[in-house]
Every structure is written in structure tokens, then in C-alpha cells.
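# Per-entry structural report
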Amino acid sequence: MATYQAPLRDMRFVLEEMLELSSHADLPGFGDATPDVVTAILEEGAKLASEVLAPLNAVGDHEGCRLEEGEVRPAPGFREAYRLYAEGGWSGLTALPEYGGQGLPHVLGIVIREIMTSANLAFSMFAGLTHGAANAIANGGTEQQKALYLPPMIEGRWTGTMNLTEPHCGTDLGLLRTRAEPQADGSYRISGTKIFISAGEHDLAENIVHLVLARLPDAPPGVKGISLFIVPKFLVNPDGSLGERNAVRCGSLEEKMGIHGNPTCVMNYDGASGYLIGQPHQGLRVMFVMMNSARLAVGVQGLSLASVAYQNAARYTRERLQGRAPGGAVAPELAADPIVAHPDVRRMLLSQRAFVEAGRALAYWAGLQVDLAHKHPEAQVREEANDLLGLLTPMIKAYCTDKAVDCTNLAMQCFGGHGYIREWGMEQFVRDARITPLYEGTNGVQAMDLAARKLPLEGGRAVRRFIGLIAAFCDRHADELDEFVGPLRRALGHLQEATDRLLQDSTPAQTAAAAVDYLHLTALVAFAHQWARMALIAQHRLAESFDDAAFYRAKQHTARFFFQHMLPETAIHLQRIQVGAGVLLAFDPEQF
């Protein structure tokens, strides 16, 4: 069975040495996140993950969820694990203090999300969706709605969901048909069917707060006619106590490839009581708070699955004996050498490691941008953080999940035939990872969001800031870090050339054809920037005879692998962007 131990040393490296978390102590919540407090939180989170959640991962996969007369029963052990999670205060770690949260930095929440998701993706989704729903209510709800719904959600007594997709429409929300009819008491009767609703029904918590997109009778067509409603499983009395069961039921559970431990529900709303959030016909504005949070969270899911798969593959390859290393035995006292001695096994391991460690640094950096965008007193800093988030959100969601599929497959490959056998746990990581490029907006949609929407905003301001930030790093460290700055400059040049082409000489069809390559090119440059920063820190620490020299040497070696084996792909992406859409559009659709 697969196991998990949180890589706390590497997590602290990113938080303390790369992000320098303590330097932001003047921002709300950061003053409480002292190094000792952060260490204690990470250690307790790691303990819960390894001792409680990870052992349930295979249980959830094997047992799945059961639908019994409209009630969903999660796998054995999940209810007790959720109670421990809620009692430990994990659901309120970064939530608003005025509603019972601890108010710690968002970036710390990203770290804990990685830990919990690596241990058990299916379990972590119950809490992750609740966090997003609470944020949407906090941003768009009335003071009465916040006071009524946020405290029990933050406490973990209630969970949350978001209901967008319908049987006939997914990405194109303008086609949705769920209706909301105004009632005399100010509520609305919600009627319709939503599908693919993660954690839509279960008995882990006392109540489930559904956020549902629907149309009012006078709604204009398309996305401009969508409103957002709170629809609780149990109606809530003015004093916060629970009333009667609402007219919302789980009609069926989807039979899925993976994440069996989390129920994916078809939800039927039969005149259920709902309550408008925000203004009529402006539901997407509020829901996008949750959607953007969810997209970053899905990127972290990809990172997490790649991390735990790599961890198990690395251990297995150190222990598995088979054959002799090229050039002679490395363990002549044994009947065979550990397979980690073989160059191709090392290639697979380093491909995973190079992605995981840079992906972690990039995800945590994005988490810090969330904090800066919401908490920094200077408008210029908030604007710059928002610009970066606009680029990083689709990039992290799409690239980290595409690579998660690659990395979990590589990890399984390291096991050979044993990886295909259920008892080792590797094939579950592959199956679980496969959903991540699909939900919360497919990765093709994320690429179009970056190339067609985020790139041209304000004349390309966000991308130019991103490129300028990395160019400035190269200028500052060209002399001391030439081994990495040279290749980084070349890759940045590829990104600049692709950006200029899409901004100045691209039709909508050409942009659409180039979008995925442009996202991957941008992500590779972002990863290279993170690796160059890590290599710089490692170089300084080794020069200072800093403790833990082996850790910093490993950083340097992994950086070299990334720059030599992975970063050159930017040239291929640029070539594809330059070719344009011609060959794609020339093909007769009837021939597919």
C-alpha cells in the first residue's frame, strides 16, 4: 500500500527561504504566522495526513460511496476522520476571524491543502469545496447571510458545494436552465438538475450549503442572465438552528474512473428554497471568486498527487533489486543492484522531482499573491499581485494537472508490472490524477483564458510585468548564476517572441490554435524562474557552509536536470505557435 510523509523540509525551504514569510509580518494574519507557529501547524497537519488520512485513501477507493434512499454514505472511516479534521480547526485556518476563523495567511492554507490532498484527494475535496463556498458568501453575501452561514462552515459543522454544470451544458454556462422563482417572503423556489457535484450529498456534516446558479423569470439570455443562490440541504432558522429538509436530493452517483471516496452527485432541485447572493443576474461575478479559488486548488491537487506518487516511486526504486547498473555493479555484495542505479529510472525520477519542487514553489508563490492582492496597503502592490494571479491561475491549474498525469504515470512505470497491481497503490494515483485536467474548466479552456483573455488585457500589461520580473532577476544575477541565467534568458526570449506574435499578429483562430502551447511555454519559463531562484539560494547556503549541505546540493542537481532536459521544450512550443492554425483548419471535419 502507498504511504505518505509530508516533505516538511522542502515546504519550509519555500516558505522561509524563497518567500521569506516573516518579511510580511506587517500584513494582517502574517504576524501570527511566526516560524515556530508555522512549524507546529505543518507538523500537526503532517501527522493527521500520515496517520489518519493516508490509510483511508485506498479504503475510499475500494469501498466508494453508497446511495441509500437519497442519502449518501461515504467510505468507512471518513466520518471519523472528518470529525478529527473539524475539531482540529483545520477548516478555519485561513478564514475570517470575525466569523470564527484563525485568519492566517492564504499561502499557509495552500501548504496544508497540499499535505491533506497528497494523503487523500477524495477526503480533501469535502473541505476544499467548503472553503471556496465560504469565500464566495464572504465576498458576495449580505451581512445577515455571512452571520448565518459562515460560522458553522468555518467551524466545519457544515460543508459547501458549487452547482454549475447541467446535463446539457458544461463550460457554456449561458445555456443553463435551472429556474429561480421569487416568493413573497423574499426567498426563491429553485428547480432544475445539476450534475458532477462533488460532495453534493453525504453525512459527514450537519448541513450542506449548496451555491446554485439559476435564472430568474426576467433573466436576459446568456451569461448575463445568471444569478447565484444559497440553497441549504436543511433550512436554517434565524437563530442558526436547523429546520426541515429542503427540496433538494441526490438522484444518483456517477460511476467514475477515480476519486471514488468522494461522491460525485446528480442533484435534483424540486422547488427548493433558495436565497439570492449579490445582485440579480450578477451571479457569475460572485461565483468566479469560488471558481478561481477552485482552479488554484485543482492545480495543487495535481502537484499533490505527483508528489505522493514520486515519494513512493523513489522509495521503491531504492529498494527494488534487478539487474546490474551499466558500467558495473554498484552493490556487488547483493544479488542485483537497486533499480535506481539505472539511468532511465533516474530520468523518470528526476522528471517527477523537477516538476514537484518547482510546482510547489510556484503554487506557494501564487498563494502569497492572493495575500498581497487582498491585504497589502499599497494599491500598486495589490495591482501587481492581481496581475500575476490572473496569469498564474490558469497556468497552475492546467500545467500542473497536465504534468500530474505525466508524473503519476512515470511513478507507476518505476514499479514496472507491480505498478499495475492495485495493492501498491500507484494505479490509484494515475486514475485520481486524470480528473484534474478535466474539472473546474478543462485545460483547453484554461489555455484560452490565458491566451485570449488574460494576455491582451490592458495591452498585455500582466504578461509584460511577468516577463519584466524575470528579466530583472536575470540582470541582477547574471554574473553569479550564469549556468542558469543564460538558458533562462533564451527561454524568456521565446516567451517574448510568442507574446508579441499573439498580441500583434494573430487572428482568433490562430490564438485558439496556439493557446495550449502558449500556456505550456509560459509555465516552463515560470518553472525555470523558480528553479533559478532555488539554485541561487542553494549556491549561497553552500558557500556559507550552511547546515544540511546535501539538501542544497540536491537542489542544484535537480535544477541542472530541469534546465538541461525540460526547459529546451520552450523552443518546440514557440515553433508550434509560429506555424499558426493553417494545418488544423485545413483538415476536413468529415475526415475525423
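Provided above is the structure to which this section pertains.
In this report, we go over the structure that sits alongside the text. (Residues numbered from 1 in each chain as written. Predicted model: local features only at pLDDT ≥ 70, side-chain atom pairs only at ≥ 80, totals over all residues. Heavy atoms only, no water.)

## Brief notes about the overall build of the chain
Helix and strand counts for the chain stand at 17 helices and eleven strands. For the chain, whose C-alpha radius of gyration is 24 Å, the value lies close to the compact-globule estimate of 25 Å for 592 residues. If you line up the chain on its principal axes, its C-alpha atoms span 80 × 60 × 55 Å. Counting all 592 residues of the chain, 58% fall into the buried class. (Helix = DSSP H or I, 4+ residues; strand = E, 2+ residues; numbered from the N terminus. Rg over C-alpha atoms; globule rule 2.2 N^0.38 Å. Buried < 20%, exposed > 50% of the residue type's maximum accessible area, 1.4 Å probe, protein only.)

## Quick word on the nonpolar core
Residues Ile-115, Tyr-364, Tyr-518 and Phe-562 are the most contacted members of the largest nonpolar core, which totals 150 residues. Broken down by element, this core gets its largest block of residues, 18 residues, from helix 14 (residues 508-543). Apart from the residues lying within four places of it in its own chain, the contact partners of Phe-562 are Ala-354, Leu-524, Phe-527, Ala-528, Trp-531, Leu-567 and Pro-568. Core analysis: the next-biggest nonpolar cluster, separate from the first, contains 32 residues, Trp-158, Ile-226, Met-287 and Met-290 among them. (Core = buried A, V, L, I, M, F, W, Y, C linked by side-chain atoms within 4.5 Å. Contact = heavy atoms within 4.5 Å.)

## Overview of the pairing of strand 9 (residues 242-245)
Bridge count between strand 8 (residues 234-236) and strand 9: two bridges; the pairing is antiparallel. Across the sheet, residue Phe-234 finds its bridge partner in strand 9, namely Arg-245. Counting the residues between successive antiparallel strands, the hairpin from strand 8 to strand 9 contains five residues, one of them, Gly-240, with a positive phi of roughly 95 degrees. (Pairing = 2+ DSSP bridges.)

## Regarding the packing of aromatic side chains
With the rule as written, the count across this model stands at 17 aromatic pairs. Centre to centre, the rings of Phe-551 and Tyr-552 are 5.2 Å apart; their planes meet at 90 degrees, and the pair counts as edge-to-face. It is Arg-9 that lies over the ring of Phe-551; its NZ or CZ is 4.0 Å from the centre. (Phe/Tyr/Trp six-rings, centres within 6.5 Å; stacked < 30°, edge-to-face > 60°. Lys NZ or Arg CZ within 6 Å of the ring centre and 35° of its normal.)

## Some words on unusual backbone geometry
The phi angle at Glu-69 is positive, at roughly 55 degrees, despite the residue not being glycine. Here Glu-69 shows up in the loop between strand 1 (66-68) and strand 2 (71-73). Despite not being glycine, His-281 shows a phi value in the positive range, around 70 degrees. By the element assignment, His-281 lies in the loop between strand 11 (264-277) and helix 7 (283-319). The buried category is assigned to His-281, whose relative accessible area is 18%.

## Topic: helix 16 (residues 569-579)
Looking at helix 16, one finds that the buried residues are Thr-570, His-573, Leu-574 and Ile-577. Angular distribution of buried residues about the axis of helix 16 spans 100 degrees; they occupy a single face of the element. Residues Gln-575 and Val-579 are exposed on helix 16 and point more than 90 degrees away from its buried face. For helix 16, the secondary structure elements touched by its buried residues are helix 13 (482-504) and helix 14. (Arc of directions from axis to C-beta.)

## Remarks on the packing of helix 4 (residues 106-119) against helix 7
Their axes nearest at 8 Å, the elements helix 4 and helix 7 cross at an angle of 50 degrees. Considering their axes alone, helix 4 and helix 7 lie oblique with respect to each other. Pair helix 4 / helix 7 crosses with right-handed handedness. Counted together, Ile-110, Arg-113, Glu-114, Thr-117 and Ser-118 of helix 4 and Ser-293, Ala-297, Val-300, Gln-301, Leu-303, Ser-304, Ser-307 and Val-308 of helix 7 form the full contact between these two elements. Along the lines of polarity and charge, the residues of the contact of helix 4 with helix 7 split into five nonpolar, six polar and two charged. (Axes fitted to C-alpha atoms, helices over the stretch in contact; angles between N-to-C directions. Parallel < 35°, antiparallel > 145°, perpendicular 65-115°, else oblique. Left-handed = near helix turned anticlockwise from the far one by under 90°. Nonpolar A, V, L, I, M, F, W, Y, C, P; charged D, E, K, R; others polar.)

## A closer look at the environment of Tyr-552
You can see Tyr-552 is positioned in helix 15 (residues 549-566). Among all residues touching Tyr-552, those that are not within four sequence positions of it are Arg-9, Phe-13, Glu-17, Ala-538, Arg-541, Leu-542, Phe-546 and Asp-547.

## Observations regarding the packing of helix 3 (residues 78-87) against helix 5 (residues 121-140)
For the pair helix 3 and helix 5, the least separation of the axes is 11 Å and the interaxial angle reads 50 degrees. Taken as axis vectors, helix 3 and helix 5 run oblique relative to one another. The chirality of how helix 3 crosses helix 5 is right-handed. Residue-level contacts link Phe-78, Ala-81, Tyr-82 and Tyr-85 of helix 3 to Ala-122, Phe-123, Phe-126 and Ala-127 of helix 5. Among the residues forming the contact of helix 3 with helix 5, the class breakdown is eight nonpolar, no polar and no charged.

## Quick notes on the pattern of salt bridges
Where side chains of opposite charge bring their charged atoms close, a pairing between them can arise. Here the structure, examined in full by the defined rule, presents 41 salt bridges. The salt bridge involving Glu-17 is made with Arg-541; its shortest N-O contact spans 2.9 Å. Of the two residues, Glu-17 is situated in helix 1 (residues 8-18) and Arg-541 in helix 14; the sequence distance between them amounts to 524 residues. With respect to class, Glu-17 is no different from Arg-541; both count as buried. Arg-249 is the partner of Glu-71 in a salt bridge, and the nearest nitrogen-oxygen pair spans 3.3 Å. Note that Glu-71 is positioned in strand 2 and Arg-249 in strand 10 (residues 248-253), a separation of 178 residues in sequence. Linked through salt bridges whose partners overlap, the residues forming this network are Asp-10, Glu-114, Arg-353, Glu-357, Arg-360 and Lys-555. (Salt bridge = Lys/Arg side-chain N within 4 Å of Asp/Glu carboxyl O.)

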